[in-house]
Amino acid sequence: MKYALIATSILAGLTLFGMSGFAQDRDRDNDRYYQQNRDEGWWQGHLFQRVREDLDHIQQVTPKLSTDQYRLVVVKKDLDDLQGKMESKTYDQAALDRTITAVERVMNDNTLTARDRTMLGDDLRRLREFREHHEGYR
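Residues numbered from 1 in each chain as written. Predicted model: local features only at pLDDT ≥ 70, side-chain atom pairs only at ≥ 80, totals over all residues. Heavy atoms only, no water.

Considering the pattern of salt bridges
Alright, step 1. For the structure shown, the criterion picks out eleven salt bridges.
Alright, step 2. A salt bridge links Glu-104 to Arg-128, with the shortest nitrogen-to-oxygen separation between them at 2.1 Å. One end of the pair, Glu-104, is in helix α5 (residues 93-109); the other, Arg-128, is in helix α6 (residues 114-132), with 24 residues separating them in the sequence.
Alright, step 3. A salt bridge links Asp-122 to Arg-125, with the shortest nitrogen-to-oxygen separation between them at 2.7 Å. Here Asp-122 and its partner Arg-125 are both found in helix α6, three residues apart, which amounts to about one turn of the helix.
Alright, step 4. Taking the relative accessible area as the measure of exposure, Asp-122 reaches 18% and is therefore buried. (Salt bridge = Lys/Arg side-chain N within 4 Å of Asp/Glu carboxyl O. Helix = DSSP H or I, 4+ residues; strand = E, 2+ residues; numbered from the N terminus. Buried < 20%, exposed > 50% of the residue type's maximum accessible area, 1.4 Å probe, protein only.)

Here's the deal with the packing of helix α3 (residues 47-60) against α6
Alright, step 1. At their nearest, the axes of α3 and α6 sit 11 Å apart, and the two run at 155° to each other. With respect to their mutual orientation, α3 and α6 come out roughly antiparallel. The chirality of how α3 crosses α6 is left-handed. Taken together, the residues of α6 that come into contact with α3 (itself represented by Leu-47, Phe-48, Val-51, Asp-54, Leu-55, His-57 and Ile-58) are Asp-116, Met-119, Leu-120, Asp-123, Arg-126, Leu-127 and Phe-130. (Axes fitted to C-alpha atoms, helices over the stretch in contact; angles between N-to-C directions. Parallel < 35°, antiparallel > 145°, perpendicular 65-115°, else oblique. Left-handed = near helix turned anticlockwise from the far one by under 90°. Contact = heavy atoms within 4.5 Å.)

Topic: the packing of aromatic side chains
Alright, step 1. The full count for this structure, using the stated rule, is one aromatic pair.
Alright, step 2. The interplanar angle of 80° and the centroid separation of 5.5 Å between the aromatic rings of Phe-48 and Phe-130 together place this pair among those described as edge-to-face. Of this pair, Phe-48 sits in helix α3 while Phe-130 sits in helix α6, and the two are 82 residues apart along the sequence. For the residue pair Phe-48 and Phe-130, the accessibility class agrees, reading buried in each case. (Phe/Tyr/Trp six-rings, centres within 6.5 Å; stacked < 30°, edge-to-face > 60°.)

Let's talk about the confidence of the model for the protein
Atomic detail in the predicted coordinates should be set aside for any region of low pLDDT.
Alright, step 1. With 65% of its residues at a pLDDT of 70 or more, the protein has an overall mean of 78.
Alright, step 2. When the elements of the protein are averaged for pLDDT, helix α2 (residues 40-43) gives the smallest value, 47, and α5 the largest, 95.
Alright, step 3. Counted against residues more than four places away or in other chains, residues 19-30, with its pLDDT under 50, gives 16 contacts. (pLDDT = per-residue confidence, 0-100.)

This is how it looks when you write it as structure tokens:
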């Protein structure tokens, strides 16, 4: 009984402090990450890497013990699997569709800033374009 009370107190404290840190991280208006020029040259030949960087950025400001974090882990695993197949010259429509669905789930269900949501929307658009024109992938 005593250990259950201690565990509950620790979990409540972690959640409380995690949420306050989460709110502070989300309020940064001058974050250098958003100031990068995301033109075609930035994307060219680096689609999966750029999507992963965006997911990593979002994951840094997401509470560690949350369903938002879980969705990010799932989408990054799907992205890794897809990239591995593409690097071995194997196009897998089902893997690409799973990745697109996972990114959509993060965009729709996670707690995100407007900028992060817009950024993921751009990632989704590029992944869908890739689905239509994957034969030119390097």
